[in-house]
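An overview of the molecular structure
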Amino acid sequence: MLDEKLLRRDIHHVAEQMRRRGIELDVVAFNELEAHRKDLDIRLQALQAERNAAAKKIGELIKGGMAVEEAKKQQAEQQKSLEQQLESVKKQQADVRLQLDELLLSLPNIPASDVPDGDDESANLELLRWGQPKNFEFAAKDHVDLGERNGLLDFELGSKITGSRFVVMRRDVARLHRALIQFMLDLHINEHGYEEVYVPFMVNTASMTGTGQLPKFAEDSFSLATDSGTEFYLIPTAEVPVTNIVRDTIIASQDNPDLGELPLRFVCHSPCFRSEAGSYGRDTRGMIRQHQFEKVELVQIVRPDESPQAHEELTGHAEKVLQLLELPYRKVSLCTGDLGFSAQKTYDLEVWLPGQQAYREISSCSNFADYQARRLHARWRNPTSNKPELVHTLNGSGLAIGRTLVAVLENYQNADGTISVPESLRPYLGGRESLL
RNA sequence: GGAGGGGUGGCAGAGCGGUUGAAUGCACUGGUCUUGAAAACCAGCGAAGGUGAAAGUCUUCCGAGAGUUCGAAUCUCUCCCCCUCCGCCA
């Protein structure tokens, strides 16, 4: 959520920034709504002050020895007209508030100044390429064909058990999948200083709203209705439960000793569930786009002045995984048109997939600045002002496990259909040098 | 699933219809004292918002929502969450 005060103070600046994202903000409508809001607020407060004073007066009269009924009678007439006015103003105010909130929730984050302008992914800015795509001396297969051998990667079983976009992995592939998780967790915990957390994979609406999945993107997630009518959601990413750790809290060493001091760095392995509504027909082959996949997620909660630096570092942590696995990748800065709703700035890491002869997204690292924190009500006590101020939140995949598995299978395939094991992964596979 | 207890400021914890936005303690900030620190003592210290040049002033907030009342942190109802005991269970 954007700062309402910013809209009041400089609506034209906000409109200009929204235009970078291809969104036309109706300045005139906002100004009208805002003027209306202000007028109603002032009137309501004045009426409430009058009502409070009248009630207090009755209390004083009674204390002064007047009979209760007598005291009430004295204020009755004024009381009645006040109540009527209050009711009417309240109703109007609620209506305006609703419209204002709706508008506010519909506005995405303001892109950072160095985010390239553009309409779609074709305007994304490539920042670097790492590694050389391998030239195979045979026809490189994609992961579906590779995994087909011995039924190690079985999409038909997945759809029998559940439906399309689900998979069953067996033996070496299942083990490779698990090894990747452990490898990434160990790297981030031991080398990059993240704290390991385990969290719920079902969350409530407050958590989904806090990180921005609701209300706008409800159709992207799976929801579960419970008997009592409360609604839970299967997490679309660990970002949701992990970032919500700091919802409604003030982070400071003395106040919340359990949480610790900023920066908070969490790493969390979790399954992710996505409905993928609207992507029918896209990536239907293989496990690039599944309803259920695993991810090792990096989340940082930092001081506002430190978030750009933290964003670079976090992205570097994700890159390190690819480098250690010796997977060729490129790093792009998403343009304004491709930037996620809540993000101020995002780097995507795209891994080379020989089966597709293309770079495909394997990690997305974003700085949300205070956009998520405002909704989450996540603050810290700034020692210089001694006041609670909003924190900055960041997250990134480090990495998506399913897609990493695909990348390893495809990049490390041999002519005979076996898969060589990247050196840094061997300790996690009992020292084995090849699979399948 | 059954039976109880409870949700109050950064934390702990009083208040249970009328200057209570809330005692007290801890923490925090400033000061006195001290060579310095600690201790002690004094003072300040919740959040969000409106208005104002500022001092100030007004509104809202005691888990959430609805109700009773002239007036609610305090009474009633619904929901959410936490704790204890019993049952069941990986």
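Procedures and definitions
Residues numbered from 1 in each chain as written. Chains lettered and ligands numbered in written order. Predicted model: local features only at pLDDT ≥ 70, side-chain atom pairs only at ≥ 80, totals over all residues. Heavy atoms only, no water. Pairing = 2+ DSSP bridges. Helix = DSSP H or I, 4+ residues; strand = E, 2+ residues; numbered from the N terminus. Contact = heavy atoms within 4.5 Å. Axes fitted to C-alpha atoms, helices over the stretch in contact; angles between N-to-C directions. Left-handed = near helix turned anticlockwise from the far one by under 90°. Domains from an automatic or database assignment. Parallel < 35°, antiparallel > 145°, perpendicular 65-115°, else oblique. Salt bridge = Lys/Arg side-chain N within 4 Å of Asp/Glu carboxyl O. Buried < 20%, exposed > 50% of the residue type's maximum accessible area, 1.4 Å probe, protein only.

1. Things to note about the sheet that holds strand β4 (residues 195–196)
- Within the open sheet, the eight strands sit side by side as β1-β11-β12-β13-β16-β10-β9-β4. Their pairing is mixed. Taken across any chain shown, the strands that pair with only one partner, and hence form the sheet edges, are β1 (125–130) and β4.
- Inspection of the sheet shows strand β10 (residues 292–302) paired to strand β16 (residues 392–400) by seven bridges, in the antiparallel sense. Residue pairing for β16: Val 302 is matched across the bridge by His 392.
- Across the sheet, helix α10 (residues 307–324) is in contact with β1, β9 (264–273), β10, β11 (329–333), β12 (345–353), β13 (358–369) and β16; its angle to β16 comes to roughly 5°.
- The strands that helix α12 (residues 401–411) touches are β10, β12, β13 and β16; relative to β16, the one it contacts most, it runs at about 35°.

2. So, the packing of helix α7 (residues 171–191) against α12
- With their axes 10 Å apart at the nearest point, α7 and α12 run at an angle of 115° to one another. Taken as a pair, α7 and α12 cross one another with a handedness that is right-handed. Listed contacts from α12 to Val 173, Leu 176, His 177, Leu 180, Ile 181 and Met 184 of α7 are Ile 401, Thr 404, Leu 405, Val 408 and Leu 409.

3. Some remarks on unusual backbone geometry
- The peptide bond linking Gly 398 to Leu 399 adopts the cis configuration, its omega dihedral lying at 5°.
- Tracing the backbone through its elements, the reader meets Leu 399 in strand β16.
- Phi at Arg 171 is positive, roughly 45°, even though this residue is not glycine.
- Counting through the fold element by element, Arg 171 comes out in helix α7.

4. Remarks on the domain arrangement of chain A
- Under the domain assignment, chain A is made up of domain 1 (26–106) and domain 2 (121–435).
- For domain 1 and domain 2, the distance between their C-alpha centres works out to 49 Å.

5. Let's talk about the packing of α7 against α10
- Contact geometry of α7 with α10 gives a least axis separation of 11 Å together with a crossing angle of 130°. In terms of orientation, α7 and α10 fall into the oblique class. As α7 runs across α10, the sense of the crossing is right-handed. Residues Phe 183, Met 184, Leu 187 and His 188 of α7 form the contact with α10, whose participating residues are His 317, Lys 320, Val 321 and Leu 324.

6. Quick word on the pattern of salt bridges
- Considering all chains together, one arrives at 25 salt bridges under this definition.
- Glu 24 is paired through a salt bridge with Arg 19; the nearest N and O atoms lie 3.5 Å apart.
- For Glu 24, a relative accessible area of 60% gives the class exposed.
- The partly exposed category is assigned to Arg 19, whose relative accessible area is 45%.
- Connected via shared salt-bridge partners are Glu 4, Arg 8, Glu 34, Arg 37, Asp 41, Arg 97 and Asp 101.

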